[in-house]
Amino acid sequence: MLEEHGELLPLQDEGGVELYVLNVRAIDALDEPRSKVNYVEGTDRISRIKKPVFIPSAVEGVDIFTLRRRLGQIYFSDRFVARVKAAKLKGLDFTKVWSSDEPV
């Protein structure tokens, strides 16, 4: 699932532990007119996304992504969250920010 949605990059570790970082794929999925977005004053640059609304067709089948217009925040699908919980992985917390079932 990770390799489908980004690039797994190995990290150097002197202790012999295998570590990787995921360079997440960026997609154009934000429905800006319907989202609650703050912009850098006098520009069209996004400074903060208070409440994202995604384009359903853009995120369908995508389990991990970031947004081209606002890099840094990583979004995960319910399927990914369920797999993390089923594997009982620790150190990850998720906050639901959007659902395709929410009223328009």
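Preceding this section is the structure that the text describes.
Predicted, not measured: the structure shown is a model, and the values here were computed from it.

Engineer: Break down a nonpolar patch on the surface for me, with residues and values.
Structural biologist: There is a patch of nonpolar side chains on the surface, built from Leu9, Leu11, Val17, Leu19 and Val21 and spanning about 380 Å² of accessible area. Listed by contribution, the elements that provide at least two residues to the nonpolar patch are strand 1 (6-11) and strand 2 (19-24). Mapped onto the elements, valine 17 comes out in the loop between strand 1 and strand 2.

Engineer: Would you mind going over the nonpolar core in detail, with residue names and values included?
Structural biologist: If you look at the biggest cluster of nonpolar residues, it comprises 14 residues, and the most contacted ones within it are Ala29, Leu30, Phe54, Val59, Phe65 and Leu67. Elements supplying a minimum of two residues to this core: strand 5 (46-51) and strand 6 (64-67). Excluding residues that lie within four positions of it along the chain, leucine 67 makes contacts with Ala26, Ile27, Ala29, Leu30, Ile49, Phe54, Gln73 and Tyr75. Of all hydrophobic cores here, the second largest spans five residues; its members include Met1, Val24, Phe80 and Val84.

Engineer: With reference to specific residues and values, describe the pairing of strand 5.
Structural biologist: Put simply, side chains in a regular strand alternate between the two faces of the sheet. Relative to strand 5, strand 4 (residues 36-39) runs antiparallel, the two sharing four bridges. Of the residues in strand 5, the one forming a bridge with lysine 36 is lysine 51. Taking the residues between adjacent antiparallel strands as the criterion, strand 4 and strand 5 are bridged by six residues, where glycine 42 takes a positive phi near 80°.

Engineer: Which residues make up the pattern of salt bridges, and what are the values?
Structural biologist: Close approach of charged atoms lets side chains of opposite charge pair. The tally for this structure, following the rule as stated, stands at five salt bridges. Here aspartate 28 makes a salt bridge to arginine 68, at a shortest N to O gap of 3.2 Å. A residue pair is termed long-range when its members are at least 10 positions apart, and aspartate 28 in the loop between strand 3 (26-27) and strand 4 and arginine 68 in the loop between strand 6 and strand 7 (70-76) qualify at 40 residues. Residue aspartate 28 shares its accessibility class with arginine 68, and that shared class is exposed. For the salt bridge of lysine 96 with aspartate 78, the shortest nitrogen-to-oxygen distance reads 4.0 Å. Of this pair, lysine 96 sits in the segment after helix 2 (78-86) while aspartate 78 sits in helix 2; the two residues are 18 residues apart in sequence, bridging distant segments of the chain. Here the two residues lysine 96 and aspartate 78 agree in accessibility, since each one is exposed.

Engineer: Now, about the sheet that holds strand 3: what can you tell me, with residues and values included?
Structural biologist: On the basis of which strands lie adjacent, the open sheet formed by three strands has the order 3-6-7 and mixed pairing. Whereas interior strands pair on both sides, the edge strands pair on one side only; in this sheet they are strand 3 and strand 7. As judged from the two bridges shared by strand 3 and strand 6, these two strands associate in the parallel manner. Residue pairing in the sheet places alanine 26 in a bridge with threonine 66 of strand 6.

Calculation rules
- Along each chain, residues carry numbers from 1 onward, in the same order as the chain's sequence is written.
- Whole-chain, interface and lining totals are the exception, using all residues; otherwise, since this is a predicted model, local features are given only for residues with pLDDT of at least 70 and side-chain atom pairs are given and counted only at 80 or more.
- Side-chain measures were taken over the full set of non-hydrogen atoms in the model, leaving aside hydrogen atoms and water.
- Here, patches come from residues exposed beyond 30% relative accessible area and free of salt bridges, joined within 9 Å for like charges and within 5 Å for nonpolar side chains (Val, Leu, Ile, Met, Phe, Trp, Tyr).
- All accessibility values rest on the Shrake-Rupley procedure with a 1.4 Å probe; residue burial counts only the protein chains present in the view.
- Each salt bridge in this description consists of a side-chain nitrogen of Lys or Arg and a carboxyl oxygen of Asp or Glu lying within 4 Å of one another.
- The helix count covers DSSP runs of H or I at least four residues long, the strand count covers runs of E at least two residues long, and both are numbered beginning at the N terminus.
- In these notes, a set of buried Ala, Val, Leu, Ile, Met, Phe, Trp, Tyr and Cys residues joined through side-chain atoms within 4.5 Å is what counts as a nonpolar core.
- Note on classification: 1.4 Å probe, protein chains only; a residue is buried when its accessible area is under 20% of the maximum for its type, exposed when over 50%, partly exposed between these limits.
- By definition, residues are in contact when any of their heavy atoms lie within 4.5 Å.
- Note: two strands are recorded as paired if DSSP finds a minimum of 2 bridges between them.

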